[in-house]
Amino acid sequence: QVQLVESGGGLVQAGSSLRLSCAASGRTLSTYTIGWFRQAPGKEREFVAAISKRGLRTSYADSVKGRFTISRDNAKNIAYLRINSLKPEDTAVYYCGADGADWGNPLDLWGYDYWGQGTQVTVSS
């Protein structure tokens, strides 16, 4: 079992950048595909990005391609989500999830076994 803790969110102005972190404990992060999802008020949780166990494969939602970058440092047991050129529509709680499968369907939130508590990102215009 792995425990995930997100951090790095905050209140920022449009156009700025953030780096979110997903720190793992309990089990080594390298045994999991990591996905980032977000949930805005009144909306369903949606896929943002995913990275395979060794970081060789990534996938992004069309709405964030070119602005978001997912990465991981297995030696430190941390995954990251770099967000550039933030927009008000990026406002949401951002969650990281861990999936023990080898890149099954990383876009499907129901495939993730573990979740963090989320970190709030609020973008002002």
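First things first, this report covers the structure right here in the doc.

1. Points about the state of the cysteines
- On inspection of all chains with the given rule, the structure shows 1 disulfide.
- Across the disulfide, Cys22 is cross-linked to Cys96 (sulfur-sulfur distance 2.1 Å). On the sign convention where negative is left-handed, the bridge of Cys22 and Cys96, at about 70 degrees about the S-S bond, is right-handed. Here the residue Cys22 occupies a position in strand S3 (residues 18-25), and Cys96 occupies one in strand S9 (residues 92-99), the gap between them amounting to 74 residues. In this structure, Cys22 and Cys96 share a single accessibility class: buried.

2. Observations concerning the sheet that holds strand S8 (residues 78-83)
- Spatial ordering of the open sheet is given by S1-S3-S8-S7, a layout of 4 strands whose pairing is antiparallel. The sheet is open, and its two edges are formed by strand S1 (3-7) and strand S7 (68-73), each paired on a single side. Along the sheet, successive strands turn relative to each other by an average axial angle of 15 degrees, direction set aside.

3. Quick word on the pairing of S7
- Residues Phe68, Ile70 and Arg72 of S7 are buried on one face, while the alternating residues Thr69, Ser71 and Asp73, pointing to the opposite face, are not.
- Where S7 meets S8, 6 bridges bridge the pair, whose relative direction is antiparallel. Within S8, the residue paired with Arg72 across the bridge is Ala79.

Basis of the calculations
Residues numbered from 1 in each chain as written. Predicted model: local features only at pLDDT ≥ 70, side-chain atom pairs only at ≥ 80, totals over all residues. Heavy atoms only, no water. Disulfide = S-S within 2.5 Å. Helix = DSSP H or I, 4+ residues; strand = E, 2+ residues; numbered from the N terminus. Buried < 20%, exposed > 50% of the residue type's maximum accessible area, 1.4 Å probe, protein only. Pairing = 2+ DSSP bridges. Axes fitted to C-alpha atoms, helices over the stretch in contact; angles between N-to-C directions.

Note that every value here comes from positions in space, so none of it alone points to a role or purpose.
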